[in-house]
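Residue-level listing of the chains:
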Amino acid sequence: MSPTSAQRLLAEVKGAGRCSNPILLSGTTVNLATGELEFATLRVACKDRRAVVCPSCSYLYKADAWILVSAGLIGGKGVDDGVQNHPMLFVTVTAPGFGLVHRQLAAGTCHPRSRDDHCVHGVTTQCSAHHADDDPVLGTPICPRCFRYEDAVLWNATASALWHRTVIRLRQGIAASQGMPPRLLGTACRLHYLKVAELQRRGLVHFHAVLRGDGPEGPGSAPPAWLTTELLSTVLEGLLRSIVLRGPGRPVRWGTQLVVATMRGDPEDPAKIAAYVSKYAVKSTDGTNALARRFLRRRQIEHAPISPHARRLALTAWDLAERPGLEHLRLRHHAHAFGFSGQLITKSQGYSTTFTALRGARALHQASTADDRDEVLGSFAFVGRGYSDPRGEALAEYLHHETVALRRETKERRVAEAKESSIESRDDSRNQSRAVPGDGAGPQ
């Protein structure tokens, strides 16, 4: 009996890994056992990291990012578990201010009244509102004419270079603290990091990073006794406010909101940090589809369903690309990210495993659990995207969300059962400790 259209659609969606926007490939395969040739079409997952583009593929990417981060914190996936005893810092560095924006304060109004409560354009700089989390005005300028859009875009474009300079200066500072030349630091210890970029509501990038000190052989070797968390923190805090990068516009430096935190005491810290960092790995510029892909024409920015502030940032990046001396920044190519051209997640080579290694391990596992079929070879070419049935995308997202919900329920049930088992074990232990010889409750 031939399969129904619903069965074919379900098979297509499952075969593409519940991807919302699969890639359609067409080609010819040869059965190595029989020599039989066959024309075939395949739908494979798009593997897009952004949740607004494909919930299923981004879910897998987020899981890999979590493993990538946590392996560098506690070991695993080829990283020695001794790294959890190495000196570590969790660092957040932000952009400076380029004009007053609406903000959310834990106590008090957005911008309380001050002496000079009007800007040069006559706009009041006071805002008495207590903005809610979903208030669209958050991050937008108090006075758009005062906001330095060009400087903001150029800061985004050079933020990755500023981070690179910071890591170099940190290594130099560590070496100087021990009276050794920077070029010899690698013979005593190594500094590894992983950072993730996040675009704030005001449209400026900031970084969350894990910094870890290792021995000269990398994660598998213990750092020298003098390389402590306190030393890392002291050196880093001492240089963050002094680093200046000469960029194409004004000098580039970090903002005043800096956080340098140690990771001690709470055994759940590594899991929390891995979850915190990995959630940003699947975000688009503003969390919507409108800024998830590159713009091909200026008109696309003008008509995009985005806020006036986001549109002004994207247009500024687009137009600055024509200015002489800025060609190397590829601002037009990254106008959808307001000029930021870096990768969302970057790490030093020795921090932990890689996305490629994780994908390779998963492919080997899937191959080992596949049906016992004849081996085939094929040559395929891209022919399109999507499912043959227009209902495919909705079905893929429904199945993905149901699968995630089922996994969450299973996890919650196992946690509850573990807690109940722990309580019962503790009660049994207490009852045994209360029992005394001769009362019939314990050994005679």
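Residues numbered from 1 in each chain as written. Predicted model: local features only at pLDDT ≥ 70, side-chain atom pairs only at ≥ 80, totals over all residues. Heavy atoms only, no water.

**Looking at the sheet that holds strand β2 (residues 37-44)**
Condition: Strand pairing follows a simple DSSP-based rule, namely that at least 2 bridges must link the two strands. Helix and strand definitions follow DSSP, with helices as H or I runs of at least four residues and strands as E runs of at least two, each counted in order from the N terminus. Orientation is described by axes fitted as lines to C-alpha atoms, over the contacting stretch for helices, and by angles from 0 to 180 degrees between their N-to-C directions.
Pairing is antiparallel in the open sheet, where three strands are placed in the order β2-β1-β8. Each of the sheet's edge strands pairs with one partner strand only, and the pair in question is β2 and β8 (376-385). Looking at each pair of strands side by side, their axes are set apart by 25 degrees on average, direction ignored. With nine bridges connecting them, strand β1 (residues 23-31) and β8 associate as antiparallel partners. Each bridged residue has a counterpart across the sheet, and for V30 the counterpart in β8 is L377.

**Examining the state of the cysteines**
Where we set the bar: We call a pair of cysteine sulfur atoms a disulfide whenever their separation is within 2.5 Å.
Using the criterion set out here, one finds zero disulfides in the structure. Counting only cysteine sulfurs, C54 is the nearest neighbor of C57, a cysteine outside any disulfide, at a range of 3.6 Å.

**Considerations on the nonpolar core**
The condition that has to hold: Among the buried residues, those of types Ala, Val, Leu, Ile, Met, Phe, Trp, Tyr and Cys that are joined through side-chain atoms within 4.5 Å form a nonpolar core. Type-normalised accessible area, obtained with a 1.4 Å probe on protein chains alone, sets the label of each residue: buried when under 20%, exposed when over 50%, and partly exposed for intermediate values. The contact criterion used is simple: two residues touch if any of their non-hydrogen atoms lie within 4.5 Å.
The biggest cluster of nonpolar side chains holds 65 residues, and the ones touching the most others in it are W155, F207, L236, W254 and L331. Per-element accounting of this core gives the leading share, 13 residues, to helix α3 (residues 149-177). Those residues in contact with L236, other than ones at most four positions away along the chain, are L89, V91, T166, L170, L211 and V260. With 19 residues, the next largest nonpolar core counts Y61, V196, A274 and I345 among its residues.

**Digging into unusual backbone geometry**
Phi at R18 takes a positive value of approximately 60 degrees, unusual for a residue other than glycine. Relative to the elements of secondary structure, R18 occurs in the loop between α1 (5-15) and β1. Look at K47: it is not a glycine, yet its phi comes out positive at around 60 degrees. Position of K47 among the secondary structure elements: in the loop between β2 and α2 (55-74). With a relative accessible area of 58%, K47 lands in the exposed category.

**Some remarks on the packing of α2 against helix α5 (residues 269-279)**
Put simply, the test is: Angles are sorted into four bins: roughly parallel if under 35 degrees, roughly antiparallel if over 145, roughly perpendicular if 65 to 115, and oblique for all others. Left-handed describes a crossing whose near helix is turned anticlockwise from the far helix through less than a right angle; right-handed describes the clockwise counterpart.
In contact at an axis separation of 8 Å, α2 and α5 are set at 140 degrees when each is read in the N-to-C sense. One finds that α2 runs oblique with respect to α5. In the crossing of α2 with α5, the sense of the turn from one axis to the other is right-handed. Between α2, through K62, A65, W66, V69, S70, L73 and I74, and α5, the contact on the second element is made entirely by P270, A271, I273, A274, A275, V277, S278 and K279.

**What to know about the pairing of β2**
Remark: a regular strand shows side chains that alternate across the two faces of the sheet. Where β1 meets β2, eight bridges bridge the pair, whose relative direction is antiparallel. Bridged to T28 within β2 is F39. Two successive antiparallel strands, β1 and β2, enclose a turn made up of five residues, where G35 displays a positive phi of approximately 80 degrees.

**Here's the deal with the side chain of R50**
Threshold: Here a polar contact is taken to be a pair of N or O atoms separated by no more than 3.5 Å, where protein atoms must pair a possible hydrogen donor with a possible acceptor and residues adjacent in sequence count only if both atoms sit in side chains.
With respect to the helices and strands, the residue R50 is situated in the loop between β2 and α2. Taking relative accessible area as the criterion, R50 reaches 16% and is therefore assigned buried. Polar side-chain contacts of R50 include one of 2.7 Å to the side chain of D48. Those residues in contact with R50, other than ones at most four positions away along the chain, are S58, V282, K283, S284, A292 and R293.

**Looking at the packing of α3 against helix α4 (residues 229-240)**
Working note: a packed helix pair is described by the angle between its axes plus the distance between those axes. Here is the rule: Polarity classes work like this: nonpolar for Ala, Val, Leu, Ile, Met, Phe, Trp, Tyr, Cys and Pro, charged for Asp, Glu, Lys and Arg, and polar for all others, with Gly in that last group.
Between α3 and α4, the least distance of the axes is 9 Å, while the angle of their chain directions is 125 degrees. Judged by the angle between their axes, α3 and α4 are oblique. Judged by the twist between their axes, the crossing of α3 over α4 is right-handed. Contact residues: α3 offers T166, R169, L170, G173, I174 and S177, while α4 offers L231, L232, V235, L236, L239 and L240. When the residues that make up the contact of α3 with α4 are grouped by side-chain class, the tally is eight nonpolar, three polar and one charged.

**Some details on the pattern of salt bridges**
So the rule is basically this: One side-chain nitrogen of Lys or Arg within 4 Å of one carboxyl oxygen of Asp or Glu is enough to make a salt bridge.
The final tally for this structure, using the stated rule, is 11 salt bridges. As a salt-bridge pair, R323 and E150 come within 3.0 Å of each other at their nearest N and O atoms. Linking R323 in the loop between α7 (308-320) and β7 (345-347) with E150 in helix α3, this pair joins segments that are 173 residues apart in sequence. Overall, E150 belongs to the partly exposed group, its relative accessible area being 36%.

Keep in mind that these numbers describe shape and distance, not what the molecule does.
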